[in-house]
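# What the coordinates show
Residue strings, one per chain:
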Amino acid sequence: MFSVYATHADADDPLSALRIGEQPEPHVLEGWTRVKVSHATLNRHDLFTLRGITSHREGISFPIIMGNDGAGTLDDGTPVVIYPVMGSDDWRDDETLDPHWHILSEFVPGTFADYVAVPKRNAIVLPEGLSALNASVLGTAWLTAYRALFTKSNLKPGQTLLVQGASGGMSTALIQLGRAAGFEVWTTSRNRAGRALAERLGAHRTFDANELLPRKVQAVISSVGTASWDHSLASVARGGTIVVTGGTTGMDVGLSLLPIISEQITVCGSIMGTLQNMKDMIAFISSAGIAPEIGKVLPMERAEEAFRAMWEGTTHGKTVFTR
Ligand SMILES: NC(=O)c1ccc[n+]([C@@H]2O[C@H](COP(=O)([O-])OP(=O)(O)OC[C@H]3O[C@@H](n4cnc5c(N)ncnc54)[C@H](OP(=O)(O)O)[C@@H]3O)[C@@H](O)[C@H]2O)c1
């Protein structure tokens, strides 16, 4: 079947590991189902796959069909969106705490193909009014944003959220979700276009990257990593929270414990979300009338140009591949 896959890892030249061509159809294990993919969404995680970056000790099973996120139809035509987290069959707690957890495209083939196979519980039936296009972006960046905002940030309506970075998939999700939830949404961006996008999506105030804020905020959510860490720490109010969801510019930071102790700052990590988080988010965006920001839609055959744009840092919102 048609697929977009990675042959190996190349940390410095990730696009050299990208292939577009034929791969075998995935096995549909007992208790799993086959989804015919109509829309699949690019994530920075896909670049990490090409670079060999993973939190799993086992590494990535190359060659691997890429793609965490997607929507499509079951064999009987039912429209579904995919929840990308999987793990032990008998795990009943928070899926992201399962020691055997993983996401699509690490050990099992991903969504950038004609078909993807997932456990039946990972195929969520689309509610009326949610298109496959809009649903296809929800599995990774949006799910992570939802959980960081609603279960980790400790924010109450009316309090101020700082989103580090404005133009990306997760940042745009945080701005749209945060605005709809009644938070005061502030965001930073490296450029004017990012700030303009954030304002269009509902950010109350925007700032240049690392600009001094007029006052401190109750919570910061950052996927930017090294480049924004000092600013996040300087921007959070006494008793506030920094939720760390990514490290686009690097994972290493200099950390002085004194302000964390004396200002009583909570620093917490957040990764993906539970199946229930995803269902709750779908209900929330449906009732709030949120249309996720989609920067580009293009045929999956043209995946390489989208990967290149993400590698060069020029995408905005989500990029969706169609089949
Ligand atoms: N924890 C999790 O479960 C989880 C889930 C999804 C993603 N992530 C991680 O979160 C990060 C963001 O993912 P994403 O899919 O939103 O990526 P993306 O769409 O490529 O967005 C990148 C974001 O980083 C900002 N940025 C700041 N400095 C940058 C630089 N030098 N180069 C590129 N971007 C820069 C951009 O904002 P401006 O352009 O406005 O400055 C933009 O908002 C990645 O590190 C990803 O691995 C983690």
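To be clear, the structure that these remarks concern was listed above.
Description of the structure in this document.

## Some details on the overall build of the chain
Across its full length, the chain carries nine helices and 18 strands. By the burial criterion, 55% of the 323 residues in the chain qualify as buried. Considering only contacts within the chain whose residues lie at least 6 apart along the sequence, 70% involve residues at least 24 apart. Accessible surface, the chain as shown: approximately 13900 Å² in total, 51% of it carbon and sulfur. Across the chain, the mean location of the 27 positive side-chain charges is 7 Å away from that of the 33 negative side-chain charges.

## Describing the site of the ligand
Lining the immediate surroundings of the ligand are 24 residues, of which S167, S189, R190, T245 and M272 lie closest. Protein coverage of the free-state accessible area of the ligand, which is 910 Å², stands at 89%. In terms of residue class, the shell around the ligand is made up of seven nonpolar, 15 polar and two charged.

## Observations concerning the pattern of salt bridges
What the rule picks out here adds up to 13 salt bridges. Where R238 meets E263, a salt bridge forms, and the shortest distance between an N and an O atom there is 3.5 Å. Pair noted here: R238 is in strand β15 (residues 236-244) and E263 is in the loop between α7 (257-262) and β16 (266-269), with a separation of 25 residues, a long-range link. Linked by salt bridges that have partners in common, E25, R34 and D75 make up one network.

## Brief notes about the packing of helix α4 (residues 169-180) against helix α5 (residues 192-201)
Contact geometry for α4 and α5: axes closest at 9 Å, N-to-C directions at 30°. In terms of orientation, α4 lies roughly parallel with respect to α5. Pair α4 / α5 crosses with right-handed handedness. Residues T172, I175 and Q176 of α4 lie in contact with α5, whose contacting residues are L197, A198 and L201.

## Details of the nonpolar core
If you look at the biggest cluster of nonpolar residues, it comprises 48 residues, and the most contacted ones within it are L138, W142, L149, I175, L177, M278 and I285. Of all the secondary structure elements, the ones that give two or more residues to this core are α3 (138-152), β11 (160-164), α4, α5, β14 (217-222) and α8 (275-288). The biggest single contributor to this core is α3, with eight residues. Ignoring sequence-local partners within four residues, the contact set of I175 consists of V163, A166, V185, T187, A198, L201, G202 and A203. L15, L18, M66 and L74 belong to the second largest nonpolar core, which has 34 residues in total.

## Topic: a nonpolar patch on the surface
On the surface, V253, L255, L257 and I261 cluster together to form a nonpolar patch covering roughly 380 Å² of accessible area. Along the polypeptide, I261 turns up in helix α7.

## What to know about the sheet that holds strand β12 (residues 184-189)
Strand order in the open sheet made by the six strands is β13-β12-β11-β14-β15-β16, with parallel pairing throughout. With one partner strand each, in any of the chains shown, β13 (205-208) and β16 form the two edges of the open sheet. Going across the sheet, the axis of each strand differs from the next one's by a mean of 20°, ignoring polarity. Both β14 and β15 contribute to a ladder of five bridges, which runs parallel. Note that in β15 the partner of A219 across the bridge is T241. Packing against the sheet, α4 makes contact with β11, β12 and β14, and its axis sits at approximately 165° to β11. The sheet strands contacting α5 are β12 and β13, and the helix crosses β13 at an angle near 170°.

## Some words on the pairing of strand β6 (residues 79-82)
Here strand β5 (residues 69-73) runs beside β6; their pairing, made up of three bridges, is antiparallel. The residue of β6 that forms the bridge with A71 is V81. As consecutive antiparallel partners, β5 and β6 are separated by five residues, and within that stretch G77 has a phi angle of approximately 90°, a positive value.

## Regarding unusual backbone geometry
With omega at -10°, the peptide bond leading from F62 into P63 counts as cis. Of note, N210 is a non-glycine position whose phi angle comes to about 65°, a positive value. Looking at the secondary structure, you find N210 in the loop between β13 and β14.

## Focus on the environment of G59
By secondary structure assignment, the location of G59 is in the loop between α1 (44-51) and β4 (64-65). The sequence separation of G59 and T49 amounts to 10 residues, and the corresponding C-alpha distance is 9.7 Å. Leave out the neighbours within four places in its chain, and G59 touches T54 and F107.

Procedures and definitions
Residues numbered from 1 in each chain as written. Predicted model: local features only at pLDDT ≥ 70, side-chain atom pairs only at ≥ 80, totals over all residues. Heavy atoms only, no water. Helix = DSSP H or I, 4+ residues; strand = E, 2+ residues; numbered from the N terminus. Buried < 20%, exposed > 50% of the residue type's maximum accessible area, 1.4 Å probe, protein only. Contact = heavy atoms within 4.5 Å. Areas by Shrake-Rupley, 256 points an atom, 1.4 Å probe, with all protein chains shown as cover. Lys, Arg positive; Asp, Glu negative; His and termini not counted. Charge placed at Lys NZ, Arg CZ, Asp CG, Glu CD. Near = heavy atom within 4 Å. Nonpolar A, V, L, I, M, F, W, Y, C, P; charged D, E, K, R; others polar. Salt bridge = Lys/Arg side-chain N within 4 Å of Asp/Glu carboxyl O. Axes fitted to C-alpha atoms, helices over the stretch in contact; angles between N-to-C directions. Parallel < 35°, antiparallel > 145°, perpendicular 65-115°, else oblique. Left-handed = near helix turned anticlockwise from the far one by under 90°. Core = buried A, V, L, I, M, F, W, Y, C linked by side-chain atoms within 4.5 Å. Patch = residues over 30% accessible without salt bridge, like charges linked within 9 Å, V, L, I, M, F, W, Y side chains within 5 Å. Pairing = 2+ DSSP bridges.

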